[in-house]
Amino acid sequence: MRNDWTREEIAALFDLPFLDLVYDAASVHRAHHPRNQVQLSTLLSIKTGGCVEDCGYCNQSAHAETGLKATKMMDVRAVLQAAAQAKDNGSSRFCMGAAWRSPKDKDMPAIVEMVKGVRQMGLETCMTLGMLSEGQAAQLADAGLDYYNHNIDTSPENYANVITTRSFEDRIETLENVRGAGINVCSGGIIGMGEKREDRVGFLHALATMEHPESVPINALVPVKGTVLGDMLADTPLAKIDQIEFVRTVAVARILMPLSMVRLSAGRESMSDETQALCFLAGANSIFTGDKLLTTGNAGDDKDAALFARLGVMPMAVEVRAELEAAE
């Protein structure tokens, strides 16, 4: 385990011949994780739209013109019903997301009840609610929250090109509050926002030189019309992500952070089965399943089951994940 990676070392990994890089990543993966097993996670939007942040990729931003209507936070009972259905469909982790800059104190009692209720079902719990204070992180920890997701999105240098209403340092502060409360960290980024490879190097460098997140989601941009990036990249070569480069990013993440769960997240519905298979070979071992990720499309349970059957991949059992966490 290393936290002293340099950008030059990470850039050198990206520059390796593709087959060598994937082989090296696969070797690291098999040394630390069960082969041919992928964790299934479900993500539910518990409060949609109306976020005051101006994230250029997000159709839930109040600054975007996507026609998405803002909603109030879901009732606790409805969230627990969705969690029960996710468990029945094979998910071992249930993630809940709210389109907020940060939660209000009046929202915390309901959120705490959601965490407690989902944990009682035997599911891992994850929340993404925006920026957290130390006190809010402590409340979630007391409720038993397993993971908190707060993506750094891109490199520190590129951050202001994507978001102007908060800083990269704001993101790091929340991650520190989460870590300080004893909650596992889930943090990753987005590929395909018009960034350069040096930004992908910088984004992974930021993650690999902190205490490694226990979960690292790698997203492919879903360019939505009406968002800043969706409109800017529309009908340009940048709108199509180089899938070999995407696999390279997954492979480098696996080598840098051997014990982390590396998750294929947004944008998977646009990937070929072959690209996803290469990502699994390169060390990705978690996906979001279901027909929707917050507000955008996803591959769907049936399609995922068919792909797993073709590849001989099995959903990771909750017990296996618990053993991995104990080893960490």
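The structure displayed is predicted, hence computed values, not measured ones.

Cut-off values and rules
- Residues numbered from 1 in each chain as written.
- Predicted model: local features only at pLDDT ≥ 70, side-chain atom pairs only at ≥ 80, totals over all residues.
- Heavy atoms only, no water.
- Helix = DSSP H or I, 4+ residues; strand = E, 2+ residues; numbered from the N terminus.
- Buried < 20%, exposed > 50% of the residue type's maximum accessible area, 1.4 Å probe, protein only.
- Contact = heavy atoms within 4.5 Å.
- Areas by Shrake-Rupley, 256 points an atom, 1.4 Å probe, with all protein chains shown as cover.
- Salt bridge = Lys/Arg side-chain N within 4 Å of Asp/Glu carboxyl O.
- Pairing = 2+ DSSP bridges.
- Phe/Tyr/Trp six-rings, centres within 6.5 Å; stacked < 30°, edge-to-face > 60°.
- Lys NZ or Arg CZ within 6 Å of the ring centre and 35° of its normal.
- pLDDT = per-residue confidence, 0-100.
- Axes fitted to C-alpha atoms, helices over the stretch in contact; angles between N-to-C directions.
- Parallel < 35°, antiparallel > 145°, perpendicular 65-115°, else oblique.
- Left-handed = near helix turned anticlockwise from the far one by under 90°.
- Disulfide = S-S within 2.5 Å.

## Brief notes about the overall build of the chain
Along its length, the chain carries 12 helices and 12 strands. A total of 328 residues make up the chain; the buried ones form 55% of that total. Residue pairs at least 24 apart in sequence account for 76% of intrachain contacts in the chain once pairs closer than 6 positions are excluded. Accessible surface computed for the chain: about 13,900 Å², of which carbon and sulfur atoms make up 52%.

## A word on the pattern of salt bridges
When the charged atoms of two side chains lie near each other, side chains of opposite charge can form a pair. Summed over the entire model, instances satisfying the criterion amount to 17 salt bridges. With a shortest N-O distance of 2.9 Å, Arg197 and Asp15 are connected by a salt bridge. Here the residue Arg197 occupies a position in helix α7 (residues 197-208), and Asp15 occupies one in the loop between α1 (7-14) and α2 (18-32), the gap between them amounting to 182 residues. With relative accessibility at 27%, the residue Arg197 sits in the partly exposed group. Between Asp146 and Arg119 there is a salt bridge whose closest N-O contact spans 3.4 Å. With Asp146 in the loop between α5 (134-143) and β4 (147-149) and Arg119 in helix α4 (residues 108-120), this pair connects stretches of sequence that are 27 residues apart. You can call Asp146 buried: its relative accessible area is 16%. Residue classification places Arg119 among the partly exposed positions, given a relative accessible area of 40%. Through salt bridges that share partners, Asp15, Glu195, Arg197, Arg200 and Glu245 make up one connected network.

## Considerations on the pairing of strand β8 (residues 261-264)
Across the two faces of β8 the burial is the same, with Met261 and Arg263 and Val262 and Leu264 all buried. Where strand β7 (residues 215-220) meets β8, four bridges bridge the pair, whose relative direction is parallel. The partner of Pro217 across the bridge, within β8, is Arg263. Direction of pairing for β8 relative to strand β9 (residues 286-288): parallel, over a ladder of two bridges. Its bridge partner being in β9, Arg263 is matched across the sheet by Ser286.

## Quick look at the packing of aromatic side chains
A complete count under the given rule lists two aromatic pairs for this structure. Relative to Phe168, the ring of Tyr159 lies with its centre 5.7 Å away and its plane at 80°, an arrangement referred to as edge-to-face. As far as burial versus exposure is concerned, Tyr159 and Phe168 are alike and both buried. Across from the ring centre of Trp5, 4.0 Å away, lies the NZ or CZ of Arg2, which sits over that ring. Above the face of the Tyr147 ring, Arg93 is positioned so that its terminal group lies 3.7 Å from the ring centre.

## What to know about the environment of Ala160
Residue placement: Ala160 occurs in the loop between β4 and α6 (168-180). Residue Ala160 is classed as exposed on the basis of its relative accessible area, which comes to 52%. For Ala160 and Cys55, which are 105 residues apart along the polypeptide, the C-alpha to C-alpha distance reads 9.7 Å.

## Quick word on the confidence of the model for the chain
Per-residue confidence for the chain gives a mean pLDDT of 88, with 90% of residues at or over 70. The spread of mean pLDDT over the elements of the chain runs between strand β11 (residues 296-297), the lowest at 46, and α1, the highest at 98. Ignoring residues within four places in sequence, the model shows residues 292-299, a span with pLDDT below 50, making 33 contacts including any to other chains.

## What about the packing of α1 against α7?
Interhelical geometry of α1 versus α7 gives an angle of 120° and a closest axis separation of 9 Å. One way to sum up the angle between α1 and α7 is to call them oblique. Considering the relative orientation of α1 and α7, their crossing is right-handed. Residues Arg7, Ile10, Ala11 and Phe14 of α1 form the contact with α7, whose own contacting residues are Arg197, Glu198, Arg200, Val201, Gly202, Leu204 and His205.

## Observations regarding the state of the cysteines
In the structure shown here, the tally under the stated rule is zero disulfides. Note on Cys186: no disulfide assigned, nearest cysteine sulfur contributed by Cys126 at a separation of 4.8 Å.

## Observations regarding the environment of Met96
The topology assignment puts Met96 in strand β2 (residues 93-98). For Met96, a relative accessible area of 0% puts it in the buried group. As for Met96 and Cys126, which are separated by 30 residues in sequence, their C-alpha atoms are 6.2 Å apart.

## A closer look at the packing of α2 against helix α9 (residues 243-256)
The interhelical angle for the contact between α2 and α9, taken along N-to-C directions, is 40°, at an axis separation of 9 Å. Where α2 crosses over α9, the handedness of that crossing is left-handed. Side by side, α2 and α9 meet where Phe18, Leu21, Val22, Asp24, Ala25, Val28 and His29 of the first sit next to Ile244, Val247, Arg248, Ala251, Val252, Arg254 and Ile255 of the second.

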